[in-house]
Every structure is written in structure tokens, then in C-alpha cells.
Amino acid sequence: MSYDYDLFVIGAGSGGVRAARRSAMAGAKVAVAEEYRIGGTCVIRGCVPKKYMVYASEFGRMFEHAKGFGWTSEKPEFDFKGFMKTLHAEVDRLSGIYLRNLANTGVDVLEERAELVDDHTLRLTQSGKTVTAEKILIAVGGIPWKPSDVPGIEHTISSNEVFHLPDLPKRMVIAGGGFIAVEFAGVFAGLGVETTLVYRGDTVLNGFDWDIRTHVHEELKRKGVRVVTQAIFTELEKSESGEITVTLSNGEDIKADVVMMAVGREPATAGLGLENAGVAMDDKGAILVDEYSKTNVENIWAVGDVTNRMNLTPVAIREGQAFAETVFQDEPSFFEYDNVPTAVFSQPPVGTVGLSEEDARHQFGDVDVYKTKFRPMKDLLTGDEERVMMKLVVRGSDQVVVGCHIVGPDAPEIIQAVAIAVKMGATKQDFDRTCALHPSMAEELVTLREKYVPPELA
Ligand code: NDP
């Protein structure tokens, strides 16, 4: 039986592009189909443009901080349209690089949606063409989820549309308390938008270490975000003037110009024809795979957010790479999901790796905790009251550092380096015998001496 391609990849995001290129470099005849834009969520409407928006919003405070160092300037103005134009030019440039890199490795790029007809056949929905492939990799990612039972939900935007706002709103309401909600609440508050975050729980960033959660929650409020907890949207109404009234479960009404839902994402498997090939999914529509990212169908694999394992760009890339190594380079390999560093680009940002204190206590029982909070040196002159939080979670039995959690300027940069030590199994003593770099914030990580004793154990 001969096929048009050795490998057909559906989705040209982080995971799909890496898998397609590496497979082609190993000699496979590869095609990749993409229904939206080459680069996927991270490059087009996720990590990359989001981080530029974070940078933009931080400047407001930096102008204030500069005064503490003797600088004076006219009242700074923010040109939202101008900035968004620059941001999209950069996104276009990156998407172009992704496209060129695929073409340079000989991958056929089909810029239309592909759906499965059977386990070896795909239909391209725009051109109507049918192609066959020996192997298929599904890397279609995820899409923003919105509750369908809230009247007026169609008046809300998601993280897809937030990068295409025509103007900077005056008032914004954001639903959710996870990565996206917290990051964008910081962005819009920093840009001077009257921002309200509505979260159904008590403290944002569920699942993170408790010290991260409380610190970020307090900093959100200190930065001017109004945080409403224990509430969800029950109804939204839009007036002729475009003003949206959000009614909350606590009875409160909030008026806004833009309302954004950031209440989670779901695998983009709807309508993909997976049932035609017999690919098994879980009850959330995520494709079920083994450790080599293989589905229950012999010639079909899936990587990235569509498998809902660990929904992070670098993880999707590594899963895509492991797929190519296993299937086309004859080097079976899989990704290890422990000690993956993560950042939340809140303000200040979070950097975290390993286990939270709660999870470590649950797993090991005997755990030592070292933590500190302090004002960063720079802020002693700016007058900003922002605090840095740093924390090490150490397994009692062998003193291995099993978690490191930071909230503060440059936390993501610091945690990337700390993650090497944690992944290698460094002990608290290894941290202690590492010489401090002075003056820096990160030096606190190697000078933490006093164990934290929880009040209930004191
Ligand atoms: P998250 O899963 O992080 O957060 C979802 C939030 O929505 C939670 O606070 C959750 O509450 C709340 N929620 C869920 N269902 C409802 C509901 N029915 N009504 C009201 N609130 C609800 O999702 P995000 O959308 O923020 O991000 C999606 C994923 O994208 C992340 O998990 C992450 O993997 C990835 N991402 C990573 C980033 C990074 O690495 N910096 C940045 C952005 C996204 P509760 O806490 O109670 O469950």
C-alpha cells in the first residue's frame, strides 16, 4: 500500500511544527495542515503576544519608579493602537519564520483545515482534496472554553479576541482565577484600565503553592485590580451603546466595556473526524495516548494540548520531538513530566518548579520549608511596597529540594536556572554550599538558613 505521505501532521503549532520538521529531517515525506495561522496558539494568540502585552503594561510603573532614581519626564502617554500594530508585526515575523523553517526541511504546508476520513485518509475542507498518509500526528491544541448556560455569554471575548481589541477599554471584567485571568488582569490594570477579576474560589491560582497564591492574590489587589471572589457570572446584557452589564451570583451588577472569559481551555477535537478512525478520547474530548504519545490506533499519535497532559508550549515541543525520535529516528524516547518549570506572567511574575509544600507534605510527610519575603533592593529607592517571595521545599528524609517557588521580578528567569538543580536532585546542602551572588535577589535561595515552622506545629 502506498500513501501520499509518510506522516501527516494536523496542526502547525509548537508540537506539530517540531514533530513535522524533525520527522522530515529524518527522511520522512511530511505534510502539515493548519486551519488558522502557522505558529499555533503560543506564537499567534498566546505566550508571545501576551508577554509583549505584559511588557507594555509594566512601563507605566517603571516611569513612576524612575523618579526614585532622579529621572523626570512629561506625563507618559500610551498609544494602544500603535503598540498593537508593532506587536502584530512581530507575530507576523515569527509566523513567517515558522513557515520558512518548515519549507526549508521539505515539509508540505497546507494552509487549510484537515479532518480524518479514516485512519489513513484526510480531507482538506477548503480545497475538498483528499490525501493519504501512513502515519498521522494530531497536534491541534486547545481552544478557549466558555460556559454555554450563561445568558448573554456571546457578549464576552476570550483570549483569542483579546489580541484584537480595536481600542483600550475603560472598564474590563475578567472571569477566572487561573493563568490567563491573572495575567490579563495585571496587563489591563497596568495599562490603566479599571479592571475587575471575578473568581469562583477564594484565592487565585488554584493548584499552585499556597504562598504563591496568597502573594499573587494580594499583589493583584495592590496593583488596583478589584478581585471579587466566591462569584460567577449568571447573566450578561449589552446595551445599544455597547455597555455590558454583568450580573454575578452574589447579586452584584458590574458595568464594563469588555468582558473576557478565562475559565479554562478544551481540546480542539470537535469535528475532527476522530470517530471515523476510531481514536479514543476521554470525557473532555482529550485524545488518550500512551507515554510515547501513541493513541489506541496503531498509526496515529497525538501531542500537545489536545492530549490535555501538561498544557505548556515547551512540553508540546518536547512531546513532538520525542515522537519524531521514536517513530522516524528509531530512538524510542518520551518526555518526563516531573520538575517542569512554569511561569505565570502576573505582576510580579511567578516562577515555580517541583512540588508545592502541600503536595510534598502529602507525598512525603516529613518536609522542611525555607521561605522569605523581602523588598527588592531597587524598590528601596522607588518607594514601591511590592515584596518578593522565595521558598524552598525540601524532602526531610534525604534533604533533596523537591520544590522552589518564587514571586518577584525576574522569577521566571531565575526559576529556569534553578530547575536544572532541582531536576538533577540537588539537596539543600548543595544550595547552601553554592556561593551567593551579591547583590541580587536570587542569592536569597542559597542563604536561606532558618526552617519555617507552621504555626500549628510551633
Ligand atoms: P486555568 O485552568 O489555569 O484556570 C481556569 C480558571 O477558571 C480557574 O480559576 C477555574 O477555577 C475557573 N473556572 C473553571 N470553570 C469555571 C466555571 N464554570 N465558572 C467559573 N470559573 C471557572 O485555565 P486558563 O484558561 O487560565 O489557562 C488554560 C491553560 O493554558 C493553563 O492551564 C495553562 O496550561 C495554559 N497557559 C499557560 C500559561 C503560562 O505558562 N504562563 C499562560 C496561559 C495559559 P478553579 O480554580 O476553582 O478551578
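In the block above lies the structure referred to throughout.
## Regarding the site of the ligand
Around the ligand, 19 residues are found, and the nearest of them are Gly177, Ile180, Tyr199, Asn311 and Ala343. Taking Glu183, its side chain carries an N or O atom lying 3.1 Å from a nitrogen atom of the ligand. Burial of the ligand by the surrounding chains reaches 74%, relative to a free accessible area of 900 Å². Among the elements that take part in the shell around the ligand, helix α5 (residues 179-190) stands out by supplying 3 residues, more than any other. For the shell around the ligand, the class distribution of residues is 9 nonpolar, 6 polar and 4 charged.

## Quick word on the packing of helix α3 (residues 47-68) against helix α4 (residues 80-104)
Contact pair α3 / α4: the axes reach a minimum separation of 10 Å and the direction vectors enclose 150°. The angle between α3 and α4 falls in the class roughly antiparallel. Where α3 crosses over α4, the two elements pack in a sense that is right-handed. Of the residues in α4, those in contact with Val48, Pro49, Tyr52, Met53 and Ala56 of α3 are Phe83, Met84, Leu87, Glu90, Val91 and Leu94.

## Structural notes on helix α11 (residues 411-424)
Residue pairs three or four apart in sequence face the same way in an α-helix, which turns once every 3.6 residues. With 14 residues, α11 extends 20 Å between its outermost C-alpha atoms, agreeing within 8% with the 20 Å of an ideal straight helix rising 1.5 Å per residue. Of all the bends in α11, the greatest, near 30°, is centred on Val418. What α11 keeps buried is the set Ala411, Pro412, Ile414, Ile415, Val418, Ala419 and Val422. In the core, the buried residues of α11 are packed alongside β17 (342-344), β18 (350-354), β20 (388-395), β21 (401-407) and α12 (428-432).

## Section: a nonpolar patch on the surface
Taken together, Tyr52, Tyr55, Phe59, Met62 and Phe63 make up a surface patch of nonpolar side chains, about 480 Å² in accessible area. Note that Met62 resides in helix α3. A relative accessible area of 38% means that Met62 is categorised as partly exposed.

## Quick look at the packing of helix α1 (residues 14-25) against helix α8 (residues 313-328)
A pair of packed helices is captured by two measures, namely the crossing angle of their axes and the spacing between those axes. Running from N to C, α1 and α8 cross one another at 25°; their axes reach a closest spacing of 7 Å. Here α1 is positioned roughly parallel relative to α8, judged by the angle of their axes. Two packed elements cross with a definite hand, and for α1 against α8 that hand is right-handed. Contacts from Ser14, Gly15, Arg18, Ala19, Arg22 and Ser23 of α1 reach α8 at Thr313, Ala316, Ile317, Gly320, Gln321, Phe323, Ala324 and Phe328.

## Considering the nonpolar core
Grouped together as the largest cluster of nonpolar side chains are 45 residues, with contacts concentrated most on Met53, Ile174, Phe184, Phe188, Leu197 and Leu205. Mapped by element, the contributors of at least two residues to this core are α2 (40-45), α3, α4, β8 (171-175), α5, α6 (210-222), β14 (258-261) and β17. The element that contributes the greatest number of residues to this core is α5, accounting for 7 residues. Sequence-distant contacts of Leu205, defined by excluding residues within four places in its chain, comprise Gly177, Gly178, Phe179, Val182, Ile212, Arg213, Val216, Val344 and Val350. If you look at the next biggest cluster of nonpolar residues, it comprises 23 residues, including Phe8, Leu272, Leu274 and Ile300.

The rules behind these values
- Residues numbered from 1 in each chain as written.
- Predicted model: local features only at pLDDT ≥ 70, side-chain atom pairs only at ≥ 80, totals over all residues.
- Heavy atoms only, no water.
- Near = heavy atom within 4 Å.
- Polar contact = N/O pair within 3.5 Å; in protein donor to acceptor, adjacent residues only side chain to side chain.
- Areas by Shrake-Rupley, 256 points an atom, 1.4 Å probe, with all protein chains shown as cover.
- Helix = DSSP H or I, 4+ residues; strand = E, 2+ residues; numbered from the N terminus.
- Nonpolar A, V, L, I, M, F, W, Y, C, P; charged D, E, K, R; others polar.
- Axes fitted to C-alpha atoms, helices over the stretch in contact; angles between N-to-C directions.
- Parallel < 35°, antiparallel > 145°, perpendicular 65-115°, else oblique.
- Left-handed = near helix turned anticlockwise from the far one by under 90°.
- Contact = heavy atoms within 4.5 Å.
- Expected span 1.5 Å × (residues − 1).
- Bend = angle between axes of the 7 residues up to and from the residue.
- Buried < 20%, exposed > 50% of the residue type's maximum accessible area, 1.4 Å probe, protein only.
- Patch = residues over 30% accessible without salt bridge, like charges linked within 9 Å, V, L, I, M, F, W, Y side chains within 5 Å.
- Salt bridge = Lys/Arg side-chain N within 4 Å of Asp/Glu carboxyl O.
- Core = buried A, V, L, I, M, F, W, Y, C linked by side-chain atoms within 4.5 Å.

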